[in-house]
Amino acid sequence: MQKFKKFVATLSIATILSLGIPVSVIADGETMPDLFLDAISVSEDGMLGFTVSNIGTENIDVATYPGANYVYIDDFDTPAYTLNWSDYSDQGFLLAGGSSTFDVAEMYGDHQVMVCVDATELVTEDDENNNCAVTQFSVDFEVTNIYLEGGGDTLSIEVTNNGNAAVDPATEGHTFIYIDDMENAEHGYAWETLGDKTFMTPGGTSTIQISPLLGSHTVRACVDPNNVVSESDEDNN
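Residues numbered from 1 in each chain as written. Predicted model: local features only at pLDDT ≥ 70, side-chain atom pairs only at ≥ 80, totals over all residues. Heavy atoms only, no water.

I'm lost on the sheet that holds strand S2 (residues 47–54) in this one. Help?
In a beta sheet, neighbouring strands are held together by backbone hydrogen bonds and run either parallel or antiparallel to one another. Reading across from one edge, S1-S2-S5 is the order of the 3 strands in this open sheet, with antiparallel pairing throughout. With one partner strand each, in any of the chains shown, strand S1 (35–42) and strand S5 (99–106) form the two edges of the open sheet. Each adjacent strand pair in this sheet contributes to an overall mean axis angle of 20 degrees, direction not counted. Alignment of S1 against S2, held across 7 bridges, turns out to be antiparallel. When the sheet's bridge partners are listed, Ile40 is paired in S2 with Phe50. (Pairing = 2+ DSSP bridges. Helix = DSSP H or I, 4+ residues; strand = E, 2+ residues; numbered from the N terminus. Axes fitted to C-alpha atoms, helices over the stretch in contact; angles between N-to-C directions.)

It is not clear to me how the state of the cysteines should be interpreted in this structure. Could you clarify?
Going through the model one piece at a time under the given rule, you end up with 1 disulfide. Two residues share a disulfide in this structure: Cys116 and Cys132, whose sulfurs sit 2.0 Å from each other. Handedness of the Cys116-Cys132 disulfide follows from its S-S torsion of about 115 degrees: it is right-handed. Pair noted here: Cys116 is in strand S6 (residues 111–116) and Cys132 is in strand S7 (residues 132–137), with a separation of 16 residues, a long-range link. A residue is classified by how much of its surface remains accessible, and Cys116, at 7% relative accessible area, is buried. (Disulfide = S-S within 2.5 Å. Buried < 20%, exposed > 50% of the residue type's maximum accessible area, 1.4 Å probe, protein only.)

Whenever I open this one, the side chain of Thr175 confuses me. Can you help?
Looking at the element boundaries, Thr175 is found in strand S10 (residues 174–179). A polar side-chain atom of Thr175 sits 3.1 Å from a polar atom in the side chain of Trp191. Apart from residues lying up to four places away in sequence, Thr175 is in contact with His187, Gly188, Tyr189, Trp191, Ile208, Cys222 and Val223. (Polar contact = N/O pair within 3.5 Å; in protein donor to acceptor, adjacent residues only side chain to side chain. Contact = heavy atoms within 4.5 Å.)

Looking at this structure, how should I read unusual backbone geometry?
Where the residue is not glycine, phi is negative for most of them; where a peptide bond is considered, it is trans in most cases. Of note, the bond from Ser211 into Pro212 is cis; its omega dihedral lies within 30 degrees of zero at -5 degrees. Looking at the secondary structure, you find Pro212 in the loop between strand S12 (205–210) and strand S13 (219–223). Non-glycine residue Asp118 carries a positive phi angle of around 55 degrees. Within the secondary structure, Asp118 is located in the loop between S6 and S7. For Asp180, which is not glycine, the phi torsion reads 70 degrees and is therefore positive. Considering the arrangement of structural elements, one finds Asp180 in the loop between S10 and strand S11 (187–190).

Where do I start with the nonpolar core in this structure?
Across soluble globular proteins, nonpolar side chains show a tendency to be buried alongside one another. Leu48, Phe50, Trp85 and Phe93 are the most contacted members of the largest nonpolar core, which totals 45 residues. Among the elements that take part in this core, S1 stands out by supplying 4 residues, more than any other. Sequence-distant contacts of Phe93, that is, excluding residues within four places in its chain, are made with Leu35, Val52, Ser53, Asn54, Asn69, Trp85, Tyr88, Gly98, Ser99, Ser100, Phe102 and Val117. Grouped together as the second largest cluster of nonpolar side chains are 5 residues, Ala68, Tyr70, Tyr72 and Met114 included. (Core = buried A, V, L, I, M, F, W, Y, C linked by side-chain atoms within 4.5 Å.)

Written out as structure tokens, the structure reads:
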């Protein structure tokens, strides 16, 4: 009796396949799409973007499912941007195993961002719980090193943005260098005059150099001492 049941089951599957019925009807979850929000990031030039993948095994037809991605910034009740799939020139993320990265808009400073793919839930997916992701963006300036270049007489000050957010290059901030006198800065640098603004990008580092500096000195450096930029840590500047 057990052999007979097994034979009938095998015959039934073969019959269904021969009729051209989609396998997803009989193998639940194995050929379904699964849209996944891979990452939300801010580029060096302050462009907010995100990456979406279809980690499922079935393509999505945009004509049948005219979906959209929503981008929320700080306010999670109302999307700041509604991005329709039909407007994308890159629709690779709708293909099984495909992925696409999209730019949204310039965004600087401290923000909380949520992106939802298939925000209106048009597509039935293998996993409906991985369509949204939230990322907190913040700036964190720190003076990471003070040293003499090559053991010589050129004072080098390294300033780093430990955060994942960019700072608007037009921000009117300053970096002050104190030498021996810890109350009155001997050198002040307006950010807008600096040739190297890498420290204003996510994870970026810039070096300010002063030459010559001869003899023994006590040196202190402060980036954004006037707190022009809101940071995740204001105590390491």
